[in-house]
Amino acid sequence: MLNVDREALVRTVLEPWVAGLPFELDESEWEPRESRLTILEGPSVQAGEGEPGWEAMLRAAEDVTRALLEEAEASAPEQTAAVVEADSVEAALEALRRGQSLRQLPWSKAVEKIERRDPAVAGVILVVKPPGLAWPRP
């Protein structure tokens, strides 16, 4: 994707990227977990007219990937996991039917527990919203 303005970059790439959602770019679908993102800030490049190669673009531009991802992550809607104490998914659903309250856990902590296969995790119920998270706009 060449010569894109910041607003389009944020909306098209960064917001879905930090949410872990696939996105479409240049007629291809990209999956954040299977891709590597590099964002360069520099002089405009005209496609097809003596277009410089990747190495030349790297020399003429600044890699701003980390800064822009950190900015997008800071402005992303907060994600939390709802935790209920039970021995199984079925028992958790029953506890919820009985009105047991949920405990909130930051999403990053929940992911950490799942990734390291914490033995205290008896099961996971994942509730997925349709694509299109509500991002705060200035």
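In the block above lies the structure referred to throughout.
Residues numbered from 1 in each chain as written. Predicted model: local features only at pLDDT ≥ 70, side-chain atom pairs only at ≥ 80, totals over all residues. Heavy atoms only, no water.

This paragraph deals with unusual backbone geometry. Backbone geometry at Asp26 places phi at a positive 50 degrees, although glycine is not the residue there. Secondary-structure assignment places Asp26 in the loop between strand 1 (23–25) and strand 2 (28–30). Not every positive phi belongs to a glycine, and Glu27 is a case in point at roughly 65 degrees. Among the secondary structure elements, Glu27 is positioned in the loop between strand 1 and strand 2. (Helix = DSSP H or I, 4+ residues; strand = E, 2+ residues; numbered from the N terminus.)

This part covers the pattern of salt bridges. Note that side chains of opposite charge can pair when their charged atoms are close. Counted according to the given criterion, the structure contains 6 salt bridges. Note that Lys113 and Asp118 form a salt bridge whose closest N and O atoms lie 3.2 Å from each other. Across the pair Arg116 and Asp118 runs a salt bridge, and its minimum N-O distance is 3.6 Å. Among the residues examined, Arg116 registers a relative accessible area of 53% and is labelled exposed. By sharing partners, the salt bridges in this structure join Glu112, Lys113, Arg116 and Asp118 into a single network. (Salt bridge = Lys/Arg side-chain N within 4 Å of Asp/Glu carboxyl O. Buried < 20%, exposed > 50% of the residue type's maximum accessible area, 1.4 Å probe, protein only.)

All right, on to the nonpolar core then. Formed by Leu9, Val13, Leu14, Trp17, Phe23, Leu25, Leu37, Ile39, Val64, Leu68, Leu69 and Ala72, the largest nonpolar core amounts to 12 residues. Broken down by secondary-structure element, the contributors of at least two residues to this core are helix 1 (6–19), strand 1 and helix 3 (65–75). Per element, the largest residue contribution to this core is 4 residues, and it comes from helix 1. Excluding its chain neighbours within four sequence positions, the residues that come into contact with Leu69 are Leu14, Trp17, Val18 and Leu37. (Core = buried A, V, L, I, M, F, W, Y, C linked by side-chain atoms within 4.5 Å. Contact = heavy atoms within 4.5 Å.)

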